[in-house]
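In case you want the letters, here they are:
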Amino acid sequence: MFVQDSIKFATARNELVTLVPFVKFIGLKYPKWTDFTGLCRNDMEEYLENLKSTPMRGNKGTNYNATEPTDYYLWRMIGGVENFLYFLQRYEWPEAPEIPIRKLIYQEDRPKLEPKKDDDYEFVSDYVWNQIVSKKDMIEPQYLPILLVLEATGFKLDEILKLKQDCIFDINGYHWLRSERTNSRYQNPMVPIEKDLAELLKENISKVQELFPGSLNPNKLLFLRYSGTKGVGIPFLQLSILRYLDRFSERANIRTETGDIFHFTANGFKHRYGMKLMNTGLNLGQVHKLIANVTSEMSLIYARKTQKQLITKG
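Residues numbered from 1 in each chain as written. Predicted model: local features only at pLDDT ≥ 70, side-chain atom pairs only at ≥ 80, totals over all residues. Heavy atoms only, no water.

### With respect to the confidence of the model for the protein
Item 1. When the pLDDT values of the protein are averaged, the result is 84; 78% of them are 70 or greater.
Item 2. The low-confidence segment residues 1-6 (pLDDT under 50) makes 13 contacts with residues lying over four places distant or belonging to another chain. (pLDDT = per-residue confidence, 0-100. Contact = heavy atoms within 4.5 Å.)

As structure tokens, this is what we get:
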């Protein structure tokens, strides 16, 4: 399935996460099964009830670990199983269920999700960011440039971890960072960055080139692990970055406005970047182009949130 549909590795990995509880459930119910040919609607109904009654799982310290399943969680988990079984049947694999997928999983099995509200999109506030900056000396040198790029560009974390060493451009005295992203209406989008950050990234490039020359870094990645007890010389994983930053947040006592320990997310800094652009006075079209989203929905959300902030302060 991964090869035939050319989906991203990260997408395939996320899909696998949704299959783990399903495969465990079926394995416990039918220990001798080696395929899903005998799967029936009753099996799926029992699995759905089990899914609804089992607390969600997540990393220690996250706000959803061991809590009651949300509609979005159920929607995602059921959808992952549905996609898996659908592709088994589509490609006529011998492990596929004999009963058609539409008779195994009904449309109404997946909860109907309410549209997201503007306040559901949380961004990293200046209050939090100022704390991070004041404690940045507590962040390991190999992680700090990644965090600074995350805050300065609006690029997604997995996008940053794929940056190449030729991603920095000096144009008429200004510094730009180019993404490797090619799956949106804006191919290889570029954003301006400050001189200090550009110089820091160039230093990082020199260090990576010195430690991992030639074939040791065949993809010419900007970021590779260069310290630690294991994994030196390999690319970073998004999950490991977020886990490290969460540990930093705990050690440095980074707090939100409500007094809770700040939790790093993959999109919080992207939304911060969008809000910063809107606060500079750029119009919707300019903001949309810089954040390089497929649709203009997020630009409109940033505009409404900015307007709400102005009203609250006024």
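### A look at helix α9 (residues 195-211)
Item 1. Its 17 residues place the ends of α9 25 Å apart at the C-alpha level, agreeing with the 24 Å of an ideal helix rising 1.5 Å per residue.
Item 2. Of the residues making up α9, those classed as buried are Leu197, Ala198, Leu201, Asn204, Ile205 and Val208. Looking straight down α9, one finds its buried side chains confined to an arc of 120 degrees; they lie on one side. Across from the buried face of α9, at angles greater than 90 degrees, the exposed residues are Lys195, Asp196, Glu203 and Glu210.
Item 3. Against the buried residues of α9 lie α7 (144-153), β1 (168-171), β2 (174-178) and β3 (190-193). (Helix = DSSP H or I, 4+ residues; strand = E, 2+ residues; numbered from the N terminus. Expected span 1.5 Å × (residues − 1). Buried < 20%, exposed > 50% of the residue type's maximum accessible area, 1.4 Å probe, protein only. Arc of directions from axis to C-beta.)

### Structural notes on unusual backbone geometry
Item 1. Unusually for a residue other than glycine, Glu92 sits at a positive phi of about 55 degrees.
Item 2. Among the residues examined, Glu92 registers a relative accessible area of 69% and is labelled exposed.

### Thoughts on the side chain of Glu151
Item 1. Position of Glu151 relative to the elements: it lies in helix α7.
Item 2. Take Glu151: its relative accessible area is 8%, and that puts it in the buried class.
Item 3. Polar contacts involving the side chain of Glu151 include one to the side chain of Arg272, which spans 2.8 Å. (Polar contact = N/O pair within 3.5 Å; in protein donor to acceptor, adjacent residues only side chain to side chain.)

### As for the sheet that holds β3
Item 1. Here we have three strands laid out as an open sheet, ordered β1-β2-β3, and antiparallel in their pairing. Of all strands in the sheet, those bounded by a partner on one side alone are β1 and β3. The sheet shows a mean angle of 35 degrees between the axes of neighbouring strands, taken without regard to direction.
Item 2. With four bridges joining them, β2 and β3 adopt antiparallel strand pairing. (Pairing = 2+ DSSP bridges. Axes fitted to C-alpha atoms, helices over the stretch in contact; angles between N-to-C directions.)

### A look at the nonpolar core
Item 1. By size, the foremost hydrophobic cluster in this structure holds 41 residues, and its most contacted members are Ile132, Leu147, Leu163, Leu177, Leu201, Phe223 and Phe264.
Item 2. When residues of this core are traced back to their parent elements, those giving at least two are α6 (126-134), α7, α8 (157-160), β3, α9, α10 (238-252) and α11 (268-279).
Item 3. Among all residues touching Ile132, those that are not within four sequence positions of it are Leu147, Phe248, Ile254, Phe262, Phe264 and Phe269.
Item 4. Membership of the second largest hydrophobic core comes to 23 residues, among which are Phe25, Phe36, Leu88 and Ala96. (Core = buried A, V, L, I, M, F, W, Y, C linked by side-chain atoms within 4.5 Å.)

### Digging into the pattern of salt bridges
Pairs can form between side chains of opposite charge once their charged atoms are near each other.
Item 1. Under the counting rule described, the total for this entry stands at 10 salt bridges.
Item 2. A salt bridge links Glu45 to Arg41, with the nearest nitrogen and oxygen atoms 3.3 Å apart. Here Arg41 and Glu45 lie together in helix α3 (residues 41-53), a separation of four residues that amounts to about one turn.
Item 3. Of the charged contacts, one joins Arg272 and Glu151 as a salt bridge, the two residues approaching to 2.8 Å between their closest N and O atoms. Here Arg272, found in helix α11, pairs with Glu151, found in helix α7; they are 121 residues apart in sequence, far enough to count as distant. For the pair formed by Arg272 and Glu151, the shared burial category is buried.
Item 4. Bridged by salt links that share partners, the residues Lys29, Asp43 and Glu46 form one connected network. (Salt bridge = Lys/Arg side-chain N within 4 Å of Asp/Glu carboxyl O.)

### Some details on the packing of α3 against helix α4 (residues 71-90)
Item 1. Running from amino to carboxyl end, α3 crosses α4 at an angle of 150 degrees, the nearest separation of the two axes being 11 Å. Relative to α4, α3 is oriented so that their crossing is right-handed. Facing α3, whose interface residues are Met44, Tyr47, Leu48, Leu51 and Lys52, α4 presents Tyr73, Leu74, Met77, Ile78 and Val81.
Item 2. A class-by-class count of the residues in the contact of α3 with α4 yields nine nonpolar, no polar and one charged. (Left-handed = near helix turned anticlockwise from the far one by under 90°. Nonpolar A, V, L, I, M, F, W, Y, C, P; charged D, E, K, R; others polar.)

### Some thoughts on a nonpolar patch on the surface
Item 1. On the surface, Tyr72, Trp75 and Leu113 cluster together to form a nonpolar patch covering roughly 300 Å² of accessible area.
Item 2. Its place among the elements puts Trp75 in helix α4.
Item 3. The partly exposed category is assigned to Trp75, whose relative accessible area is 34%. (Patch = residues over 30% accessible without salt bridge, like charges linked within 9 Å, V, L, I, M, F, W, Y side chains within 5 Å. Areas by Shrake-Rupley, 256 points an atom, 1.4 Å probe, with all protein chains shown as cover.)

### Describing the environment of Glu95
Item 1. Its place among the elements puts Glu95 in the loop between α4 and α5 (101-104).
Item 2. Note: C-alpha distance between Glu95 and Gly38 (57 residues apart in sequence) is 9.5 Å.
Item 3. The contacts of Glu95, once residues within four sequence positions are left out, are Thr34, Asp35, Phe36, Thr37 and Leu88.

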